[in-house]
Amino acid sequence: MKFTYNSTAGNQRYGQGASRALIGAAVAGFLLFLVIQVIIPFLSSSNTEQLTPMLTKDEAIRRAEVAYTSAIFSATPSFSNTSKGSSIPSSAQFKKGAIYYTNDLLSGYLSKYELHTAYNRWEKAAPYDIYRVFFDKEAPLQHKRELVTIDIHMRTGQIVGYQQVLSDTIDADNSSTTSEVEQPNPDRAYMLAHSDEAVLQLGYTPAQLARKSEQLSNEIRYTVKNGQVGDAKLEVVVWWQNGKISQAQSIWTLPEAYTQLMQEQKSTAEQISSIGYVLMSVIFAAAACIMALIYRKRIRFRSRTMLTLAALSCLISILHGWNVIPGTIMADRLEPIGYDRLQMTITIQSLFLVVQAGITLYLALIVGRSCWDVSQHKQVVISWSDADFGQQLVRSFWVGLAFTGVLLGTQSIIYTGLELGMKAWSSTDASSSPLNLSYMFLYPLVAWVAAISEEGFFRLFAVGLFRKFLRNTWVAAIIPTFVWAAGHVTYPIYPYYSRPLELMIIGFLFVWIMVRYGFWSAVVAHLMLDTILMVIPYWIDGSWSGIVIGTFYLLLPMAVVYGINTLHRHKTLKIRPSHEPVS
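About the thresholds
- Position numbers for residues count from 1 along each chain, tracking the sequence in the order it is written.
- Local features in a predicted model are, by the rule used here, given only for residues with pLDDT of at least 70; side-chain atom pairs are given and counted only at 80 or more, and totals for whole chains, interfaces and linings are based on all residues.
- To obtain the side-chain values, all non-hydrogen atoms of the structure were used and water was disregarded.
- Nonpolar cores are built from buried Ala, Val, Leu, Ile, Met, Phe, Trp, Tyr and Cys residues. Side-chain atoms within 4.5 Å join them into one set.
- Using a 1.4 Å probe on the protein chains alone, a residue whose accessible area is under 20% of its type maximum counts as buried, one over 50% counts as exposed, and one in between counts as partly exposed.
- Runs of H or I in DSSP of at least four residues are treated as helices and runs of E of at least two as strands, each being numbered from the N terminus.
- Any two residues whose heavy atoms approach within 4.5 Å at even a single point are treated as in contact.
- Each patch is built from residues that are more than 30% exposed by relative accessible area and take part in no salt bridge. Like charges join if they lie within 9 Å; nonpolar side chains (Val, Leu, Ile, Met, Phe, Trp, Tyr) join within 5 Å.
- To be clear on the numbers: accessible area is Shrake-Rupley with a 1.4 Å probe, and residue cover counts the displayed protein chains and nothing else.
- Here a salt bridge means any side-chain nitrogen of Lys or Arg lying within 4 Å of a carboxyl oxygen belonging to Asp or Glu.
- We define a polar contact as two N or O atoms separated by no more than 3.5 Å, with the added condition that, inside protein, one atom must be a possible hydrogen donor and the other a possible acceptor, whereas residues neighbouring each other in sequence contribute only through side-chain atom pairs.
- Helices are assigned an expected span. That span is 1.5 Å times one less than the residue count.
- At least two DSSP bridges between two strands are required for those strands to pair.

Some thoughts on the nonpolar core
Argument step 1. Ranked by internal contacts, the top residues of the largest apolar core, which has 89 residues, are L460, F461 and F519.
Argument step 2. Broken down by element, this core gets its largest block of residues, 14 residues, from helix α17 (residues 519-541).
Argument step 3. Apart from the residues lying within four places of it in its own chain, the contact partners of F461 are F284, A287, A288, A364, V367, G368 and G456.
Argument step 4. One finds A60, L110, I159 and Y162 within the second-largest nonpolar core, a separate group that totals 51 residues.

Next up, the structure:
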């Protein structure tokens, strides 16, 4: 591409830096965020929880291995000769893995009715957040397989539940866990005695438990005395199968009205996401392709700047997909899964991301820039070919960083309003947790994908496209902002419309930042907003590794911006005509 000497220095709207008023608003917003979303939650949580560091998944696996090799899982009732012969030989293949698992219904219930303080006394024995550790022992020649899951408390390392299944047959997909011959259970007295021992291993004392009189033939159920939080009731259940204990677990029974409410909330959110986000995003993507074809003679397809953005977003998306797939499939199949069994899944997903996060995003970027170039906001996007690109990028960084504080404060005010006005509540979510990533330190890179793809697709392209026909930026922003907000409706914040309502406001702020200060300021503001929210847990973790990782990702955008500025300045000095003065 031929380098052209264009300048945006004369356009004060996009060239100006952060004003004193903006800096003051940024500082106030950031302090408000710290107080509302960091300090108050930290002080209101359990002191014990904050002082006790959380185990890593590797530490949880080691704790579970100790239990796995103990008498809990090795003992077989002596009454059944057939069950003795079903043990797995010591030469069997052995695999292990761990995921973060959460009882999102319970956590949401505690949040909605503000019951965390009452729940704290039962948190050690019946937590809603656990590590679920899998052990898979398989002997193909004997057609036998044993799959054991052990639930580990994330801070104490205590066993809080387990399940074991012995399979006499192995299906072709290696996933069968059903026995070919069902073995009879022992007599009731034997089951009661061993069940009593099992519940004590979960951290309960005999004084806390009372056996229920009405029991099924294959289970022993215990009522936990005073084990009630609100209308949620705690029980411990021991299941028997094939003459041995197959599962021991603490069970929270929640009010039916609440579980019905959550089903309706999730169902509605999924419908909005499917129609309002997925379908509309597909329509937007098709529009980008069609517009690129129709206006192909007016569009600059060979844009190194936009190609770099699309390629970066695509590569990080592929890396994140590779990082998240094992944990997702392990949680779904409840067995340890390695990359050796996921090549096809990863390949298919990578090809999809090349189209979605690569080609489609690139077309959206170049079409979106073309739409703004023919408007009065023609300098919304500056690129590498602009002579002062490096300087403008540095200014955009500091403006975007200032708006990060404003956005954090605005978000905190909105959250407070939702909690007080709409009684909004939240729950935990294992599916989106970085704890289920193969390499958790890569998680903050997702902020780069969100900033590039969402600002490029929904703001630069979609708003620009609608504005081309509607001639009004704010009217043009309504549909794209709603679609973007609908993409977050399945986040575990309720009522389901809470997060979209918040993001409609934040989305219009991003549009204003882009129109007033340029595309790069909006990208930086989005990037730093998400990065700060993602790195705070690393700092709160308190470990040196967490502090280093969080600080690295916080400083990375600045290093990239100033690196680009240096490269561009050197490029400009080489190409600038000799009669041009060097400023």
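Having seen the structure, we can now continue with the description.
Focus: a nonpolar patch on the surface
Argument step 1. A cluster of nonpolar side chains, contributed by V35, I39, I40, F42, L43 and I540, occupies part of the molecular surface with about 550 Å² of accessible area.
Argument step 2. Per-element tally for the nonpolar patch: the top contributor is helix α2 (residues 20-44), with 5 residues.
Argument step 3. Tracing the backbone through its elements, the reader meets L43 in helix α2.

A short note on the side chain of H153
Argument step 1. Following the sequence through the fold, H153 ends up in strand β3 (residues 144-153).
Argument step 2. Its relative accessible area of 2% is what places H153 among the buried residues.
Argument step 3. Side chain to side chain, H153 and E123 meet in a polar contact 3.0 Å long.
Argument step 4. In terms of polar contacts, H153 uses its side chain to reach the backbone amide nitrogen of R155, at 3.1 Å.
Argument step 5. Apart from residues lying up to four places away in sequence, H153 is in contact with L55, E123, K124, P127, Q158 and V160.

So, helix α16 (residues 498-517)
Argument step 1. Between the first and last C-alpha of α16 there are 29 Å, a value that for 20 residues agrees with the 28 Å anticipated at 1.5 Å per step.
Argument step 2. Positive backbone phi, approximately 110 degrees, marks G518, located one or two places after α16.

Details of the pairing of strand β7 (residues 232-241)
Argument step 1. Counting buried positions over the 10 residues of β7 gives 7, a clear majority of the element.
Argument step 2. Summarising the sheet, strand β6 (residues 219-229) and β7 pair through 7 bridges and their orientation is antiparallel. By the bridge assignment for β7, E219 is matched with W239.
Argument step 3. Joining the antiparallel neighbours β6 and β7 is a turn of 2 residues, in which G230 adopts a positive phi near 65 degrees.
Argument step 4. Pairing of β7 with strand β8 (residues 244-253), which is carried by 9 bridges, proceeds in the antiparallel orientation. Across the sheet, L234 pairs through a bridge with W252, a residue of β8.
Argument step 5. The antiparallel hairpin formed by β7 and β8 contains 2 residues in its connecting segment, where N242 sits at a positive phi of about 55 degrees.

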